[in-house]
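Listed below, chain by chain, are the residues.
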Amino acid sequence: MSAPNKSYDPVEVEALKPEEVERARDAALAAVAAASDLAELQEAKVAHTGDRSPLALANREIGALPPQAKAEAGKRVGQARGAVRQALERRQVELEAERDARVLVEEAVDVTLPWDRAPRGARHPLTTLSERIEDLFVAMGYEVAEGPQVEAEWYNFDALNILPDHPARTMQDTFFVRAEDGSADSGVVLRTHTSPVQIRTMLTRTPPIYVICPGRVYRTDELDATHTPVFGQIEGLAVDKGLTMGDLKGTLDHFVQAMFGEGIVTRLRPSYFPFTEPSAELDLKCFVCRGASVGDPEHPCRTCRSEGWIEWGGCGMVNPRVLIACGIDPEVYSGFAFGVGLERALMFRHNVEDMRDMVEGDVRFTLPFGMEI
Amino acid sequence: MRVPLSWLREYVDLPAGESGRDVADKLVALGLEVETVEQLGADLKGPLVVGRVLEIEELEGFKKPIRFCKVDVGDANGTGEPQEIVCGARNFEVDDKVVVILPGGVLPGPFEIAERKTYGRVSRGMICSARELGMGDDHDGIIVLPIEAQVGADAIELLGLVDEVLDIAVTPDRGYCLSMRGVAREAAIAYGQPLRDPALLDVPDANSYGYPILVEDAAGCDRFVARTVVGIDPEAPSPLWLQRRVQMAGMRPISLVVDVTNYVMLELGQPLHAYDRARLQGPIVVRRAHEGETLTTLDDVERRLDREDLLICDNRGPIGLAGVMGGESTEIGAETADIVIEAAHFDPVAIARTARRHKLGSEASRRFERGVDPEAARAAAQRAVDLLAVLGGERAQAEAGVTEVDAPREAVRIVLAADHAAKVAGVPYTRETVAQRLQEVGCSVEGIDELTVLPPTWRPDLTDPNDLAEEVIRLEGYEQVPSTLPQVPAGRGLTADQRRRRRIGRALAGAGFAEVLDYPFVGQSAFDDLGLAEDDARRRTVVLVNPISEEEPALRTTLLPGLLGTLRRNLGRGNGDLALFESGVVFLPNASTPRAPQLAVDRRPTDAELAQLAAALPNQPQRVAVVLAGEWEHSGWWGKGRPQLWADAVEAARVVADAVGVELTVRQDQYEPWHPGRCAALVATAPDGTERVVGHAGELHPRVLKTLHLPERVAAMELDLDLLTADLDGEHLPQAGHISSYPVATQDVALVVDASVPAASVEAALVEGAGALLESVRLFDVYTGAQIAEGGKSLAYALRFRATDRTLTVEEATAARDAAVALATERTGAVLRGA
C-alpha cells in the first residue's frame, strides 16, 4: 500500500465537493430537461458533458485526490455523469420522436390525387371470352384446333354434308372468293362457321378426338345492333367409341354451369343441321332470373325476355356421312359436336346491347373489360 | 309456313281450350321452329254484323263522292230499324250484303267506332273494307259479301277474323311441313290423336283421254298428273273462307283458279299450276331448255334459259320454268273458263339450280327443293278439280280425262338395328317404342333385332339409320336424354403457338395497348391512302365475289388500314390518347391459284387431293400491329406528359418479341407507309446467322397521316408472327444463367460517331469487342451540339463488367472496355470523346 498524499489541498478540490457535484449535475439535468429541440439538446450536451463542462472538469480533478478520497469522489462524479448521460439519451429519444412526428406531418400529401400517368391497356372481350371457354375445355382434356378463314368449299360445305344443291348451302349467306379468271367459281369461300376445322381435325388425327375450335367466321349480313358479317364462333367436337347424345348433353351442362353458375342447365330442342343427325338447338336456362320471370309480368327479365331460356347455339351427333368423308368408320366411332356464338354470349353475359360496340373498337368499350372475363 | 289454328283443327282434334301458344310449345318440342304465334283480331270487338244495303243517297258538294246509306242489320242494333251510315266507298249497290260495325265496336288499331257527325249527316257505324278488318291490304273498296250471308249474323265468325296463326320456320329437311297436312301430322303425334289426312281422296284411274302430256326428261320429272276443268265462270269469286285461309297463310287472294291452286298447295304441299287451255297449243312437253331459248315468266321478266333448266313447253315453245314459275303466254286471265291443272313432281336439284340461276325463288320452288310427296300429286289435282267444280259457277265441271305420266322411283329401304336409336341417345328404348314411333311418322317397319324400314313418300330426308334415330328420339322427347360425361383422354394443353399468341396479347395489353378486332375488308383506296407503290406486293389481294361493300371487296394484306380506321374513329369520338393493337391474320394470295376441286364425300380424300385444296388457299399468316396517337405518358398535376413517338412503336415490337422469346435487331429502313427517316426494320436472326425482316415500326409518313386525316406523328408497328417465330422449334424454353455474386465494375465511355451511324451498330460492336466479361451495356445519353464536330454525335454508354469466378481488377475492366472501344472504332469510326 502506498503512502498517503501529503500535498492534499482541500481548496483545489472544491469542484469535487458533494454539493458542487450535485449542483453541476442538477444544472445539467435542468438544461437537458429545458432543451426544447435537438439543437438545444446538443448545446446542453456540449455544455454539460463536453470537455469543459463542470462534471468533466471535476472528473479530471479526481486524480489529484488522495487515494482514500478518490474512490468516493469517483463514485460521486460517475453517478452524476451517468445520470446526465441517461437524461440526455432519454431526452434525445423524446425530441427525435417529436421531430419525426412533426416532419411526417409536414411531409403528408393528398394521396387521393389521381395518377394515370401510364397508359392502361385491355384485351378485347371477345378474345378473352373465347380463351375462357377454351380453358374450360382444355381443363376437361380437350385440345384447341384452328384452321384457315379463307377455306375450300369442300371443307366448309361438302365434307359437312352440305352438298352443292342442298338448300342449306344457300341458307348460309356465304362470301365467295373470286377465282383467278374473275369468275365466282374458285371453290373457295370465307368460312361460314368453324366446322371446317372439325373436318381438318378428323382428317389429321385419329380418334379419340376431343377438340374445341374457336375462330372468326363470315356471313353476308349487314352490320346492325344484332348482326355482324364477321363474328366469332366456338365449336366443340368429340369422336370416340360409344359416344351418345347423353354425353353431348352432359358436356353442355358442364359447360354452361362453369360459365354461368351452378344449377344452370341446357335444353336441347330438335332441329336440323346437315352435319349432325340428330340435331338440336341449344338453350340454356336463364342465369339471371332462372326461369322465375316466365308468366310473371311484374318481374320481367331482360336477359331472356321472360322466356326462361336463352338460345345460344346448335349441336348434335356428328352425321355418319361426315365421319365417312373424313375416313372414320361410323360403325366403330360416333361423335358429337356443338357450336355457340361468341358475340351473342358477350351480349347476354355482359349486357352488351349493341353488337356494333364489339366491332367499332372504341376504347371506352374495351378498356373496362381488362385482361380476363 | 303460316298455320292458322282453326285450319289445323280441321285435321286434328286438339283439346278444346288449347291455345296457339300451347300448340306451339308441343310442336317446338318435336322440332318445328315456331317463331311467332300471331293473335289475329285480338283487339277486334263487335258488334260486327252482316248488313243489307237498303238505300244509297249520293251526297254532293264534297271533295270526293260520299254515300249516305241505310243498311238493314236485323236486330243487331237493338231496334231493327235501318242503320244510317256514311260511306266513302263506291263498289256496292243496293241489296248488296256488307260488313257493318256498329257504334261501340272496335276495329284493329284499335279504332273505336262511335256515332259521329260527318259530311252533314250522323253516321251510326261503318261499312268495312278488308284492310280495316285486318284481313290484308285490300282497300279498293268495302267487302261485298256473298248474297247468301244472313242479315244480322256475326261477321267476326263468318269471316274468321279471330284466329291464331303459328309462323313456323321450316328447316330444309322438313319439306313436308310446308303444308297443313305435314304440320297436322306432327300435331297429331304430339297430341296422340289420329290425323284426318286430306290427301286421302277418291281419285279416278288414269285414262287415255286426258290432256296430252309428254315427259321427255324422266330424270327431271318422274310424275306428271294433268286434269282439266271446263266452264269455269271467270267472274266467280273465291269464297270468303278460302280467301281468308289463303290470306292468313301469307298469300294474297287473286282469283278463284289461282286461289284454289294456292289453297291446295298450302293444304297438301303439292305445288299446282293452272294453264289457260285456250292458250295452250298442242301437248304439254317437259324437257330441258335448248341453247338460246327465252321465256317471259309471270313476273314479267324475260329470261334467257340455261340448257339445264327444266321447262314446261307446248308447240310454240317454253310456257313455264318447271316447278319455279309459269309463263305469261298461258297465264290465267279474266276470260279463262277452261283450264289444265298440272300436279307434277320435279327433281329437287334441277329446281334448286334453276331457282338459284334465275334468282327466282317461289312458293313452288321452295317446296320442290325441299322435297314434295310424289304420291300427293294425284290427290292434289283431284282436290283442285273438286273445289273448282263446286266453286267455279254452275257450268263448271271436271272433265273425265285423267293424264298420269309416271316414271318408276326407287324405294328407299333402311336397315336399322333395333337398338340403334338407344345407342345414339343413351336412352334404352325398346324395339316396340322404336317401331311405334317410326310408324307414327309414316314408316313401315319390319323385323325384330334388325329392322327394315320404308320411309313414307313425303319424307325424302329419311335415308340413313341416324335419320330414323332422330325421329325416335325427338318423338320420345329430347328431355329424356340423360346428362352424362364422356371419359376424355388426358390432353396436352395449348400448343406453343396458341400460348404465344395469348402471351403477346397479354403483354401488349399490360404495356398499355387496347385490343381491337377489325373487319378484314379493304379496297385498293386503302393502299392508295398508305402511299403504296403500284407494284407493292400488298396490293395483290384475295377478292370477294359478293362483298358487303363494293368499296371494300378485298381481304387485308396488312393490319394497318383497319387499325388506322379504328384510331380515327376513336379520335373522332374524342378519345385522344390512344394505343391500339390487333392480332389477326392477313390474306396473301399465292403466285397462282388453281381452283379448289370438289372432292368426293363418300370416302376420305387422298393426300394428293387434300394438297390440291391446300394449293387453292391463300397464305394466311398471323400478324400483330399497333398504332399510337397522343400522349403516351399523360400530363397531369405531376407535370408534363410525354407524347408517344416512333420509339414506342419499336418498343411494342420488343414487347412482342420478348413475349415469344425472340431477339429482334432494329435497322434503319424505308418502307411505306412509314416516315422515310423514322422507319425501323425489325429483323430476326436464324440460328445459321441468316437474317429476315419480320416487320416494321416507327412514325408514319406525314403525307399518309394527312391523307387519313390523322394527327401528326402517329406511330405504328406491324409484325409477322409466323416469320418472327419461324425458328422456334415448338416450345421456347428460357435457360437460367449463372448469377455471379462478385462485384460489378462499371465503366462509362462516350463515343463520337458520324450522325449517320446507327446506334445499334455502335452497340453491337461494343458488345462484341468487350467480350465475355461484359454484363450489360446501356446507352444513357445522345448528344449533338457545340462540343461535337458538325455532322457528328456523341453516344454515352455505361458498360458493366462482372466475372463469375472472381472480383475484377480495374485493369481487367479497363482492358475489356478498351477492347470494346477499339472494335467500335474499327467498325463505325467511333472516337473516344475527349481522347
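Conventions we followed
- Residues numbered from 1 in each chain as written.
- Chains lettered and ligands numbered in written order.
- Predicted model: local features only at pLDDT ≥ 70, side-chain atom pairs only at ≥ 80, totals over all residues.
- Heavy atoms only, no water.
- Helix = DSSP H or I, 4+ residues; strand = E, 2+ residues; numbered from the N terminus.
- Rg over C-alpha atoms; globule rule 2.2 N^0.38 Å.
- Buried < 20%, exposed > 50% of the residue type's maximum accessible area, 1.4 Å probe, protein only.
- Contact = heavy atoms within 4.5 Å.
- Areas by Shrake-Rupley, 256 points an atom, 1.4 Å probe, with all protein chains shown as cover.
- Lys, Arg positive; Asp, Glu negative; His and termini not counted.
- Charge placed at Lys NZ, Arg CZ, Asp CG, Glu CD.
- Polar contact = N/O pair within 3.5 Å; in protein donor to acceptor, adjacent residues only side chain to side chain.
- Salt bridge = Lys/Arg side-chain N within 4 Å of Asp/Glu carboxyl O.
- Pairing = 2+ DSSP bridges.
- Axes fitted to C-alpha atoms, helices over the stretch in contact; angles between N-to-C directions.
- pLDDT = per-residue confidence, 0-100.
- Buried area = accessible area lost by both parts, 1.4 Å probe.

## Here's the deal with the overall build of chain B
Move 1: Across its full length, chain B holds 21 helices and 42 strands.
Move 2: In summary, chain B has a C-alpha radius of gyration of 41 Å against a globular reference of 28 Å for 835 residues, an excess of more than 25%.
Move 3: Overall size of chain B, expressed as C-alpha extent along the three principal axes, is 125 × 80 × 60 Å.
Move 4: Across the 835 residues that make up chain B, the buried fraction comes to 51%.
Move 5: Taking as baseline every contact in chain B between residues at least 6 positions apart, the subset at least 24 positions apart corresponds to 70%.
Move 6: Counting every atom, chain B has about 37,600 Å² of accessible surface; 49% of that belongs to carbon and sulfur.
Move 7: Here chain B holds 86 positive side-chain charges and 129 negative ones, and the gap between their average locations is 3 Å.

## Considering the overall build of chain A
Move 1: Scanning chain A from N- to C-terminus turns up 13 helices and nine strands.
Move 2: Its C-alpha atoms give chain A a radius of gyration of 45 Å, more than 25% over the compact-globule value 21 Å for 373 residues.
Move 3: Dimensions of chain A along its principal axes, counting C-alpha atoms only, are 140 × 55 × 50 Å.
Move 4: For chain A, buried positions account for 53% of its 373 residues.
Move 5: Counted over contacts in chain A with a minimum sequence separation of 6, partners at least 24 positions apart contribute 67%.
Move 6: Element-wise, carbon and sulfur atoms account for 51% of the exposed surface of chain A, whose accessible area totals about 16,900 Å².
Move 7: Computing the positive centroid from 40 side-chain charges and the negative centroid from 59, chain A places the two 9 Å apart.

## With respect to the side chain of Gln644 of chain B
Residue and element names in this part refer to chain B.
Move 1: Mapped onto the elements, Gln644 comes out in the loop between β34 (642–643) and α17 (646–660).
Move 2: The buried category is assigned to Gln644, whose relative accessible area is 5%.
Move 3: One polar contact links the side chain of Gln644 to the main-chain carbonyl oxygen of Leu628, over a distance of 3.4 Å.
Move 4: Here Arg713 takes part through its backbone oxygen, which lies 2.8 Å from a polar atom of the side chain of Gln644.

## Details of the environment of Met317 of chain A
Move 1: Mapping Met317 of chain A onto the fold places it in strand β8 (residues 309–318).
Move 2: Exposure remark for Met317 of chain A: the relative accessible area of 3% places this residue in the buried category.
Move 3: Distance in space between the C-alpha atoms of Met317 of chain A and Thr244 of chain A is 7.6 Å, their sequence separation being 73 residues.
Move 4: Not counting the four nearest positions on each side in its chain, Met317 of chain A is found in contact with Leu243, Thr244, Met245, Phe275, Thr276, Glu277, Pro278, Gly335 and Phe336 of chain A together with Val424 of chain B.

## Notes on the pattern of salt bridges
Move 1: Using the criterion set out here, one finds 85 salt bridges over all chains in the structure.
Move 2: Linking Arg573 of chain B and Asp362 of chain A is a salt bridge whose minimum nitrogen-to-oxygen distance equals 2.9 Å. With Arg573 of chain B in the loop between α15 (560–572) and β31 (578–585) and Asp362 of chain A in the loop between α12 (356–360) and α13 (363–366), this pair bridges two chains.
Move 3: Between Asp222 of chain B and Arg409 of chain B there is a salt bridge, with the nearest N and O atoms lying 3.6 Å from each other. On the criterion of sequence distance, the pair formed by Asp222 of chain B in strand β15 (residues 221–230) and Arg409 of chain B in the loop between β24 (397–406) and β25 (414–417) is long-range, its members being 187 residues apart.

## A closer look at the sheet that holds strand β39 (residues 745–754) of chain B
Adjacent strands of a sheet form backbone hydrogen bonds with each other and so pair up, either parallel or antiparallel.
Residues and elements named next belong to chain B.
Move 1: Read from one edge to the other, the open sheet built from four strands follows the order β40-β41-β39-β42, with strand pairing classed as antiparallel. Each edge of the open sheet is held by one strand with a lone partner, namely β40 (774–783) and β42 (831–832).
Move 2: As paired elements, β39 and strand β41 (residues 792–801) share ten bridges and run antiparallel to each other. Each bridged residue has a counterpart across the sheet, and for Ala745 the counterpart in β41 is Phe801.
Move 3: Helix-sheet contacts for helix α20 (residues 759–770) involve β39, β40 and β41, and the interaxial angle to β41 is about 35°.
Move 4: Strands in contact with helix α21 (residues 810–828) are β39, β41 and β42; relative to β39, the strand with the most contacts, it is inclined by about 15°.

## A word on the environment of Pro54 of chain A
All names here are of chain A.
Move 1: Summarising the element assignment, Pro54 is placed in helix α3 (residues 54–61).
Move 2: Taking the C-alpha atoms as reference points, Pro54 and Arg205, separated by 151 residues in sequence, lie 100 Å from one another.
Move 3: When neighbours within four sequence positions are excluded, Pro54 is seen to be in contact with Ala24 and Ala47.

## Considerations on the pairing of strand β36 (residues 674–685) of chain B
In summary, the side chains of a regular strand alternate between the two faces of the sheet.
Residue and element names in this part refer to chain B.
Move 1: Across six bridges, strand β35 (residues 664–669) lies against β36 in antiparallel orientation. Looking at the pairing, Leu664 lines up with Ala684 of β36.
Move 2: Taking the residues that link successive antiparallel strands as the turn, the β35-β36 hairpin has four residues.
Move 3: Alignment of β36 against strand β37 (residues 691–700), held across eight bridges, turns out to be antiparallel. Of the residues in β37, the one forming a bridge with Thr685 is Glu691.
Move 4: Between β36 and β37, which pair antiparallel in sequence order, lie five residues; one of them, Gly689, sits at a positive phi of approximately 95°.

## A closer look at the confidence of the model for chain B
Move 1: Confidence along chain B averages 93 in pLDDT terms, with 99% of residues attaining 70 or more.
Move 2: Per the prediction output, this complex has pTM 0.87; the corresponding ipTM is 0.88.

## Notes on the interface of chain B and chain A
Move 1: If you look at the interface, chain B gives 102 residues, while chain A gives 109 residues.
Move 2: Summed over both sides, the interface between chain B and chain A buries roughly 8,500 Å², with carbon and sulfur atoms accounting for 56% of that surface.
Move 3: Summed over the shared surface of chain B and chain A, the result is ten salt bridges.
Move 4: Among the salt bridges present, the one from Arg502 of chain B reaches Glu131 of chain A, with a minimum N-O distance of 3.8 Å.

## Some details on the sheet that holds strand β23 (residues 339–346) of chain B
Residue and element names in this part refer to chain B.
Move 1: Strand order in this open sheet of four strands is β16-β23-β15-β24, and the pairing throughout is antiparallel. Two strands lie at the open edges of the sheet, namely β16 (272–276) and β24, each paired on one side alone. Neighbour-to-neighbour, the strand axes of the sheet open up by a mean angle of 20°, direction not taken into account.
Move 2: Helix α9 (residues 376–391) rests against β15, β16, β23 and β24 of the sheet, and its axis sits at about 10° to β15.

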